There are 2 protein chains.
Amino acid sequence: MSSKRILLSESEMPKAWYNLQADLPEPVPPPLHPATNQPIGPADLEPIFARALIAQEVSQERWIDIPDDILRVYAIWRPAPLVRATNLEKALGTPARIYFKDESHSPAGSHKPNTAVAQAYYNKQEGTHQLTTETGAGQWGTALAFACSQFGIKCKVYMVKISYQQKPYRRSMMHVWGGEVTPSPSEETNAGRSILAADPDCPGSLGMAISEAVEAAVTSGNAKYTLGSVLNHVMLHQTIIGLEAEKQMKIAEDYPDVVIGCVGGGSNFAGLAFPFLRHKIAGKDIRFVAAEPQSCPSMSRGQYRYDYGDTVKMTPLLKMHTLGHSFVPAGIHAGGLRYHGMAPMVSLAAKLGLIEAAAFHQLECFEAAKLFAETEGTIPAPETSHAIRAAVVEALKCKQTGEEKCILFNFSGHGLCDLGSYDRYFAGELEDFAYPIDRIQAALAELPVLE
Amino acid sequence: MSSKRILLSESEMPKAWYNLQADLPEPVPPPLHPATNQPIGPADLEPIFARALIAQEVSQERWIDIPDDILRVYAIWRPAPLVRATNLEKALGTPARIYFKDESHSPAGSHKPNTAVAQAYYNKQEGTHQLTTETGAGQWGTALAFACSQFGIKCKVYMVKISYQQKPYRRSMMHVWGGEVTPSPSEETNAGRSILAADPDCPGSLGMAISEAVEAAVTSGNAKYTLGSVLNHVMLHQTIIGLEAEKQMKIAEDYPDVVIGCVGGGSNFAGLAFPFLRHKIAGKDIRFVAAEPQSCPSMSRGQYRYDYGDTVKMTPLLKMHTLGHSFVPAGIHAGGLRYHGMAPMVSLAAKLGLIEAAAFHQLECFEAAKLFAETEGTIPAPETSHAIRAAVVEALKCKQTGEEKCILFNFSGHGLCDLGSYDRYFAGELEDFAYPIDRIQAALAELPVLE
């Protein structure tokens, strides 16, 4: 009997992150300043980010050593298991072999701490006393609060006010780890005060929360800002996922034909995919599928062009797949996938034909999530259910063709703080949303033409 | 650098449970019939429990093989990690070595599936179509729903109505795994109907839910009832925890001086402790501490005598440490520890002087839980926080004396579905309850005198 879970010992944990920039056939286009539209350099970012992270953002080195103090914190839950989804295979009646990398066992319940821990560490090294960030439903905020508690840094999270009120559990988690959580818009920043002056009952948005978190960082003596996805250094830190999976696949004496992850900003997909992508660049035959919501299909329906990272045009412009920064996705329960853009590294890989996208409706994703819970046990986060759906689709294709493919997907997080979504699904209260072509076209029409 | 987590491979998972009954110097006193007060035999239990489980209840065999189909489901999350709590040690400044066995990674988030899976399996073998049970806050109900989904048995949970309304998340988990959840008292049973006739707004209680679940089992053609703690066969199934820990301690080249678990019905404590207890019976110097709430101190303040397992005197009488079946514990957040009695096997071990009890107030337990989350990462269940508090007390004793003791405790579950309790703790809304001596004496005075 072969093992259900393929485990690595702590001594087998990768000691360096993999930087795909070293192997991409084209360089990642530089970010542009939002006021001048000119390329910005590392110095422009220093008021906001730690220097070591800025250096990683532009590094062309293939391997970047993981400091011991980060490995020590990773060891709380890493190496993460690679699991053979034998029960799911059986339920589907597929000849495919399905594996998933289980990132749900981190204290915060998702892959997010892989980069939160790194960002907290480098900031601590550079004397930062406080990290600020924004959070929507709270996955990123909880990861950062946990990471800050490990390094003794203060954590300040601006949480979208409507989520703060309606989704109290991740807010509670941040409190347990000593994080300070402020509903946004708040009276604490100029940005927040001006929004509240115009609309005292404003429910907030991720764009507003970003404005507050950045302002709080730059106006404070020794605070910095952090971001949980999209940026190159975030993708870098997440590659520990794929590097572990690579070793585990070897132990299983197997190798993936298809690698799958859900995409919002792109980081959990990149984390699993990039280490395998270097094998594809070197000639290996392997497919990569980025699973996204039909209601927010930035990869499959967006354009590859410069756009702002936020809705209020305060961040640098990034070359990426985008639906337009003014596009507001429908209120699906996979909150972490409701982002108009995509990581520039993931976008470039897609433009180069290295990866493909697939878009799914939320009801078929919840259906896949329920099947996964009934077979493999763990209840998936709504975001993760998109990757599961994509894996099920691939496995059912194999059932039709008889191909014995090897499918690997990223189980990015559990759904224990998202059970209200399942309640609504079972109550029949959830709906699928039509592909919003008119609104996407309108949002794209607003973008500056820069090339 | 030694490993933070000590992992076992699937092939190292124990293949038999350990039955302490084979080594206890005295036999466990038999249960008595609630109507006749006479000892009851296996046949009396057959309308309620699967035959294999009844056989395990009275077995004197030292080792009982774990069937392959159970091992296959255990492999979803087992073997569970043994973790060296280095960060906690450092925060306490103790010379003690602290280890915890991490049972929080099961799909249901606690140790409960260890027995739920076994009970579902044996029932499936004997043709049972449906399992019924009661649940309070929902830990046991979720575990059984998960287990039933693995074996394709229907699961019917009577959930105390006030919990059903106020704690929806574990109810949602049961739904995801296909469990049917009915708020109790309900119109579905004679017991429920008679309660509702007297009080249509009755909020329910665990005792009432037990009545409904047992009635639903015995009045149905092929349904059986299940219990998540207290009984001998439940203790047996949980010993996989301690058997794994024993192997892991060997890998760590260490051995516990003190073994700690929280106790409600006794099963997670027994699971970790019993395999080590056989070494104590064989002469080894090792202490066992059962950590319980000050507001429900059945081990430290109760009497060892025959009492009913439920509040409505429907179950057999068990010889155990009890506060009296009519004693109603204060509304602490560690709902799983609010039980008037104690497992007969744990009680007998205490009476024989093999284990000791320690009682803690809830505020000091939440304080320990917060320290644990800030150091070791995972947010503990309120029940588990009692074991952590006891471990902290032992570690601080070592700090005073300079003794380099080895402390092992059971991390029985995470608190991700209990975050509302933490909110109330941080808001200063929780209180400690004085030792309820008068109410305990009154409840004990009601007990039948049987010896």
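Computed from a predicted model, the values in this text were never measured in an experiment. (Residues numbered from 1 in each chain as written. Chains lettered and ligands numbered in written order. Predicted model: local features only at pLDDT ≥ 70, side-chain atom pairs only at ≥ 80, totals over all residues. Heavy atoms only, no water.)

Let's shift gears to the interface of chain B and chain A. Each partner contributes residues to the interface: chain B has 44 residues there, and chain A has 44 residues. When chain B packs against chain A, the two sides together hide about 3,800 Å² of surface, and 57% of this comes from carbon and sulfur. Sorting the residues of chain B by area buried against chain A places B:Arg5, B:Tyr169 and B:Val176 first, and these three jointly supply 17% of that buried surface. In this assembly, chain B and chain A are joined by zero salt bridges. Counting the contacts that link chain B with chain A gives 22 residue pairs in polar contact (both at pLDDT 80 or more). Those elements that place two or more of their residues in the side of chain B that touches chain A are α6 (139-151), α8 (168-176), α16 (362-376) and α18 (419-426) of chain B. Broken down by element, the residue count for the side of chain B that touches chain A peaks at six residues, all from α8(B). When the residues that make up the side of chain B that touches chain A are grouped by side-chain class, the tally is 20 nonpolar, 14 polar and ten charged. (Contact = heavy atoms within 4.5 Å. Buried area = accessible area lost by both parts, 1.4 Å probe. Salt bridge = Lys/Arg side-chain N within 4 Å of Asp/Glu carboxyl O. Polar contact = N/O pair within 3.5 Å; in protein donor to acceptor, adjacent residues only side chain to side chain. Helix = DSSP H or I, 4+ residues; strand = E, 2+ residues; numbered from the N terminus. Nonpolar A, V, L, I, M, F, W, Y, C, P; charged D, E, K, R; others polar.)

What follows covers the relation of the copies chain B and chain A. When chain B is fitted onto chain A, the two copies agree to an RMSD of 0.0 Å after a turn of 180° and an axial shift of 0.0 Å. The two molecules are tied by a two-fold rotation axis, judged by turn and shift. (Least-squares fit on C-alpha atoms with pLDDT ≥ 70 in both.)

Attention shifts here to the sheet that holds strand β10 (residues 258-262) of chain B. All names here are of chain B. What the seven strands build is an open sheet, ordered β1-β4-β5-β15-β10-β11-β14; its pairing is mixed. Strands with a single pairing partner mark the edges of an open sheet, and in this sheet they are β1 (5-6) and β14 (356-360). Pairing of β1 with strand β4 (residues 82-84), which is carried by two bridges, proceeds in the antiparallel orientation. Considered in β4, the bridge of Ile6 is made with Leu82. (Pairing = 2+ DSSP bridges.)

A separate point is the domain arrangement of chain A. Residues and elements named next belong to chain A. Structurally, chain A comprises domain 1 (5-9 + 77-109 + 239-438) and domain 2 (14-27 + 46-66 + 111-232). Centre-to-centre, using C-alpha coordinates, domain 1 lies 23 Å away from domain 2. Listed per partner, the contact involves 38 residues of domain 1 and 35 residues of domain 2. For the pair domain 1 and domain 2, the summed buried area comes to about 3,200 Å², and 69% of that belongs to carbon and sulfur atoms. Of all residues in domain 1, Ala108, Met345 and Cys417 bury the most surface against domain 2, accounting for 18% of the area lost on that side. (Domains from an automatic or database assignment.)

Attention shifts here to the environment of A:Gly324. Residue and element names in this part refer to chain A. Checked against the element boundaries, Gly324 lands in the loop between β13 (317-322) and α15 (344-351). Gly324 sits 26 residues away from Ser298 along the chain, and the two C-alpha atoms are 8.9 Å apart. Setting aside residues no more than four positions away along its own chain, Gly324 makes contact with Asp307, His340, Ala443, Leu444 and Leu447.

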